[in-house]
Amino acid sequence: MDVADRLKRILRDALQLGERAARLTRDSRLLGDIAEFDSMAVVTVLTMIEEEFGITVADAEVSADTFRDLGTLADFVSGKQSR
């Protein structure tokens, strides 16, 4: 399972998206387009990402651009893993 697929599973579970998560692609917008993805959900998703991928995300690394779409989020996580 690649990073984007693992992130879709996290988003499905954290945001309770159900089958909508299966339709997410790398170009799918996240913040602003998924009503359930609010500021509180960002914290939950980040915690789940840290646990799933064994990484630590500093507050200074988090921006709206990171969560623009599934692709930017997947690239961010992949970059953290390669460090």
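Quick look at the structure, then.

1. As for helix H2 (residues 39-53)
Okay, so step 1: For H2, which comprises 15 residues, the first-to-last C-alpha distance of 21 Å matches the rise-based estimate of 21 Å (1.5 Å per residue) to within 8%.
Okay, so step 2: Where H2 is concerned, the buried positions are Ala41, Val42, Val45, Leu46, Ile49 and Phe53. Looking straight down H2, one finds that the buried residues subtend no more than 140° of arc, so they occupy a single side. Exposed side of H2, more than 90 degrees from the buried face: Met40 and Glu51 are the residues found there.
Okay, so step 3: Summarising the contacts, the buried residues of H2 are in contact with helix H1 (3-15) and helix H3 (70-81).
Okay, so step 4: Just downstream of H2, Gly54 is the residue with a positive phi angle, here 65°.

2. Topic: H3
Okay, so step 1: Its 12 residues give H3 an end-to-end C-alpha distance of 16 Å, which sits within 8% of 16 Å, the value for a rise of 1.5 Å per residue.
Okay, so step 2: Residue Asp69 occupies the N-cap position of H3, its side-chain oxygen lying 3.0 Å from the main-chain nitrogen of Gly71.

What counts and what doesn't
Residues numbered from 1 in each chain as written. Predicted model: local features only at pLDDT ≥ 70, side-chain atom pairs only at ≥ 80, totals over all residues. Heavy atoms only, no water. Helix = DSSP H or I, 4+ residues; strand = E, 2+ residues; numbered from the N terminus. Expected span 1.5 Å × (residues − 1). Buried < 20%, exposed > 50% of the residue type's maximum accessible area, 1.4 Å probe, protein only. Arc of directions from axis to C-beta. Contact = heavy atoms within 4.5 Å. Polar contact = N/O pair within 3.5 Å; in protein donor to acceptor, adjacent residues only side chain to side chain.

As far as function goes, none of this settles anything; it's purely spatial.
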